[in-house]
Amino acid sequence: MGRSVTYLVVALAVLAAVVIVVAVRTRRSTRPGGRSSDATAESLRGDPLRLSLGDRVRIRDREYALSGTIRLVEGDWSWVQHLLDDDSGTRYRLSVEDGPELELVLWTAEPGASVTPGAPTIDLGRRRYTWAETGQARYTATEEVGLPSAGTMRYHDYQSGGAARLSFEAYGEEGWRVARGDLLDPAELTILPRSGER
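Figured I'd write up the structure that's included with this text. Here the structure is a predicted model, which is why all the values come from computation and not from measurement.

### Details of the pairing of strand β6 (residues 121–124)
So, point 1. By the alternation rule, side chains of β6 split into I122 and L124, which are all buried, and T121 and D123, of which none is buried.
So, point 2. Pairing of β6 with strand β7 (residues 127–141), which is carried by four bridges, proceeds in the antiparallel orientation. By the bridge assignment, T121 is partnered in β7 with T130.
So, point 3. Linking two consecutive strands that pair antiparallel, namely β6 and β7, is a turn of two residues; a positive phi of about 60 degrees is found at G125 within it.

### Section: the environment of W107
So, point 1. Its place among the elements puts W107 in strand β5 (residues 102–109).
So, point 2. Judged by its relative accessible area of 7%, W107 is buried.
So, point 3. With 59 residues separating them along the chain, W107 and L166 place their C-alpha atoms 8.5 Å apart.
So, point 4. For W107, the contacting residues outside a window of four places in its chain are R91, Y92, R93, S95, R165, L166, S167, A179, R180 and G181.

### Looking at the pairing of strand β10 (residues 177–184)
So, point 1. Looking at chain direction, β5 and β10 are connected through six bridges and run antiparallel. Looking at β10, one finds that V105 is bridged to L183.
So, point 2. Between strand β9 (residues 164–171) and β10, which pair antiparallel one after the other, the connecting turn spans five residues, and G172 there sits at a positive phi close to 60 degrees.

### Examining the nonpolar core
So, point 1. Core analysis: the biggest nonpolar cluster contains 17 residues, and I59, L84 and L94 have the highest contact counts within it.
So, point 2. At the level of secondary structure, the elements contributing two or more residues to this core comprise β1 (56–59), β2 (62–74), β3 (77–85), β4 (91–98), β5 and β11 (189–192).
So, point 3. Apart from the residues lying within four places of it in its own chain, the contact partners of L94 are I59, V80, Q81, H82, L84, L104, V105, L184 and L189.
So, point 4. I70, Y139, A141 and V145 belong to the second-largest nonpolar core, a separate cluster that totals twelve residues.

### Quick look at the pattern of salt bridges
If charged atoms from side chains of opposite charge come close, those side chains can pair.
So, point 1. Under the defined criterion, the tally for this structure stands at ten salt bridges.
So, point 2. Between R180 and E110 there is a salt bridge; the shortest N-O distance is 3.0 Å. Pair noted here: R180 is in strand β10 and E110 is in the loop between β5 and β6, with a separation of 70 residues, a long-range link.
So, point 3. You can call R180 partly exposed: its relative accessible area is 28%.

### Observations concerning the side chain of E169
So, point 1. Note that E169 resides in strand β9.
So, point 2. In terms of polar contacts, E169 uses its side chain to reach the side chain of Y171, at 3.1 Å.
So, point 3. Setting aside its immediate chain neighbours within four residues, E169 contacts Q81, R93, M153, R154, Y155, G175, W176 and R177.

Thresholds applied
Residues numbered from 1 in each chain as written. Predicted model: local features only at pLDDT ≥ 70, side-chain atom pairs only at ≥ 80, totals over all residues. Heavy atoms only, no water. Buried < 20%, exposed > 50% of the residue type's maximum accessible area, 1.4 Å probe, protein only. Helix = DSSP H or I, 4+ residues; strand = E, 2+ residues; numbered from the N terminus. Pairing = 2+ DSSP bridges. Contact = heavy atoms within 4.5 Å. Core = buried A, V, L, I, M, F, W, Y, C linked by side-chain atoms within 4.5 Å. Salt bridge = Lys/Arg side-chain N within 4 Å of Asp/Glu carboxyl O. Polar contact = N/O pair within 3.5 Å; in protein donor to acceptor, adjacent residues only side chain to side chain.

Geometric descriptors of this kind do not, in isolation, establish any biological role.
As structure tokens, then:
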């Protein structure tokens, strides 16, 4: 009887371990924004952290050309912002944060916005945004972005719902730049091969 109980306990422990391993692997491969997904790696066809001047990306159904990059560091956390242009003349930014999950946000500049940061909530464009974080980072930039090559940047970030974002950024001594953002699923971004590459 004792052997039967011991065998049963060991068998249940092995079964539980197998279930946990399968669940963790499934979660890693299917979570939105996770770097482990084969589908994500294939859809990106490259590393969005390492885009360079002249690269092109497709986000949803629109194509953009990369015109400059700002690299930011705050403590042990770093991220990049790629400046994107399309045929409309509107300036966009693609921010890329590489942590436990890859986070991509497409930002659209709001140069006419009269709101300022600091309040717990901000109303803009029929949306209410709630404060998320504030900080200051060091940056380095390519010449094409219209900033000194290095300096500091202050920011205030707000969120609304699951995917809407609002950011305030001030580089050096300049005033606040306001932008609204949309959190992207990595599958919505494709890095296009340069001319002549396959």
